[in-house]
Amino acid sequence: MKNIAVFISGGGTNLQAIIDDSKKSKFYKIGLVISNKENAYGLTRAKKANIPNLYIKSKETNVILKTLKDHKIDYIVLAGYLAIVDPQIIKKYKNKIINIHPSLIPSFCGPGMYGLHVHEAVIKSGVKVSGCTTHFVNEEVDGGAIIIQHCVPVDYGDTAESLQKKILKYEHQTLVKSVNLLVRQKIKVINGRTKILK
Ligand code: GRF
């Protein structure tokens, strides 16, 4: 049974999707939720699910590393974590940290591209397809090897808000699928690309 930590900053609907899936999984459990925002509703979701949860400032790297060790964490899932993960954490958890991003990476990602900003840029660009991406986390913001992508059509009448809502439900499905592949060690990273094992 693998132990995952979920890092959040906000409402935690992606966290909730993982909580709901973990309850019926024999492969993993959520051993810890960390938020860099003290009032993140995701902390409330963790409390309701009786999951250890802590507010830790993103720059408190040593505190984060000790907390991960104390909770025997195997993998880290960034689910709306709006802070940079310190390189010391990335090094310690090489190819064991994944993130969900609300666009089709490498489009509409990188510094400043988070939350509604992503969808505003998508609408403004006129592209006809957006979606979400899970990927490994490395030192480059949104730069790690891509795991799963899900395409979502952009309709002419879409606003940034309506597109965000459309994509969010696929984020939940995509992230849950990716977590299950991760904890079952079904993802190989070869030359910056992932091979999903049967
Ligand atoms: C999601 O859109 C996710 O892709 C992005 O931040 C948002 C978090 O939403 N990284 P929630 O807190 O999981 O509801």
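Above this text is the structure in question.
Predicted model only: the values in this text are computed from it and were never measured.

Reading guide: rules and limits
- Residues numbered from 1 in each chain as written.
- Predicted model: local features only at pLDDT ≥ 70, side-chain atom pairs only at ≥ 80, totals over all residues.
- Heavy atoms only, no water.
- Axes fitted to C-alpha atoms, helices over the stretch in contact; angles between N-to-C directions.
- Helix = DSSP H or I, 4+ residues; strand = E, 2+ residues; numbered from the N terminus.
- Parallel < 35°, antiparallel > 145°, perpendicular 65-115°, else oblique.
- Left-handed = near helix turned anticlockwise from the far one by under 90°.
- Contact = heavy atoms within 4.5 Å.
- Nonpolar A, V, L, I, M, F, W, Y, C, P; charged D, E, K, R; others polar.
- Salt bridge = Lys/Arg side-chain N within 4 Å of Asp/Glu carboxyl O.
- Buried < 20%, exposed > 50% of the residue type's maximum accessible area, 1.4 Å probe, protein only.
- Pairing = 2+ DSSP bridges.
- Arc of directions from axis to C-beta.
- Near = heavy atom within 4 Å.
- Polar contact = N/O pair within 3.5 Å; in protein donor to acceptor, adjacent residues only side chain to side chain.
- Areas by Shrake-Rupley, 256 points an atom, 1.4 Å probe, with all protein chains shown as cover.

Following both chains from N to C, one finds helix 1 (residues 13-22) and helix 6 (residues 160-183) inclined at 45 degrees, their axes separated by 9 Å at the closest point. As far as their axial angle goes, helix 6 and helix 1 are oblique. Once helix 1 is placed against helix 6, the crossing between them reads as right-handed. Two secondary-structure elements touch here, helix 1 through Thr 13, Asn 14, Ala 17, Ile 18 and Asp 21 and helix 6 through Leu 168, Glu 171, His 172, Leu 175, Val 176, Val 179 and Asn 180. Residues of the contact of helix 1 with helix 6, tallied by class, amount to six nonpolar, four polar and two charged.

Applying the stated criterion to the full structure yields four salt bridges. Put simply, Asp 21 and Lys 24 hold a salt bridge, and the shortest N to O gap is 3.8 Å. Judged by relative accessible area, Lys 24 falls into the exposed class, the value being 67%. Asp 70 is the salt-bridge partner of Lys 66, the closest N and O atoms lying 2.6 Å from each other. Of this pair, Lys 66 and Asp 70 both sit in helix 3 (residues 61-70), four residues apart, which is roughly one turn of the helix. Look at Lys 66 and you get exposed, because its relative accessible area is 52%. A relative accessible area of 43% places Asp 70 in the partly exposed class.

Moving on, we get to the sheet that holds strand 5 (residues 97-101). On the basis of which strands lie adjacent, the open sheet formed by seven strands has the order 3-2-1-4-5-6-7 and mixed pairing. At either margin of the open sheet sits one strand with a lone partner, and together these are strand 3 (53-55) and strand 7 (146-153). Averaged over all neighbouring strand pairs, the angle between strand axes comes to 20 degrees, with direction disregarded. Helix 2 (residues 41-48) contacts strand 1 (2-8), strand 2 (28-35) and strand 3 of the sheet and is inclined by roughly 155 degrees relative to strand 3.

The next thing to look at is helix 2. By the burial criterion, the buried members of helix 2 are Gly 42, Leu 43, Arg 45 and Ala 46. Projected down its long axis, helix 2 carries its buried residues within an arc of 155 degrees, all on one side. When the buried face of helix 2 is taken as reference, the exposed residues oriented beyond 90 degrees from it are Lys 47 and Lys 48. Buried residues along helix 2 sit against strand 1, helix 1, strand 2 and strand 3. Of the residues trailing helix 2, Asn 50 is marked for its positive phi of about 55 degrees.

This part covers the packing of helix 5 (residues 116-125) against helix 6. Axis separation between helix 5 and helix 6 bottoms out at 8 Å; the angle between their running directions is 115 degrees. Between helix 5 and helix 6, the crossing angle belongs to the class labelled roughly perpendicular. In this structure, helix 5 meets helix 6 at a crossing whose hand is right-handed. In this structure, helix 5 uses Leu 116, His 119, Glu 120, Val 122 and Ile 123 to contact helix 6, whose residues at the interface are Ala 160, Glu 161, Leu 163, Gln 164 and Ile 167. The class makeup of the residues in the contact of helix 5 with helix 6 is six nonpolar, two polar and two charged.

Before going further, it helps to spend a moment on unusual backbone geometry. For the bond running from Ile 105 to Pro 106, omega is 15 degrees, close enough to zero to count as cis. With respect to the helices and strands, Pro 106 occurs in the loop between strand 5 and helix 5. A positive phi angle, near 55 degrees, is found at Lys 72, a position not held by glycine. Using a relative accessible area of 64% as the deciding quantity, one classes Lys 72 as exposed.

Taken together, the residues surrounding the ligand are Gly 11, Gly 12, Thr 13, Asn 14, Gly 80, Ile 100, Pro 102, Leu 168 and Glu 171. Between Gly 12 and the ligand, the recorded distance is 2.8 Å, taken from a backbone N or O atom to an oxygen atom. Coverage of the ligand by the protein amounts to 85% of the 370 Å² it exposes when considered alone. Those elements giving two or more residues to the shell around the ligand turn out to be helix 1 and helix 6. For the shell around the ligand, the per-class residue count stands at three nonpolar, five polar and one charged.

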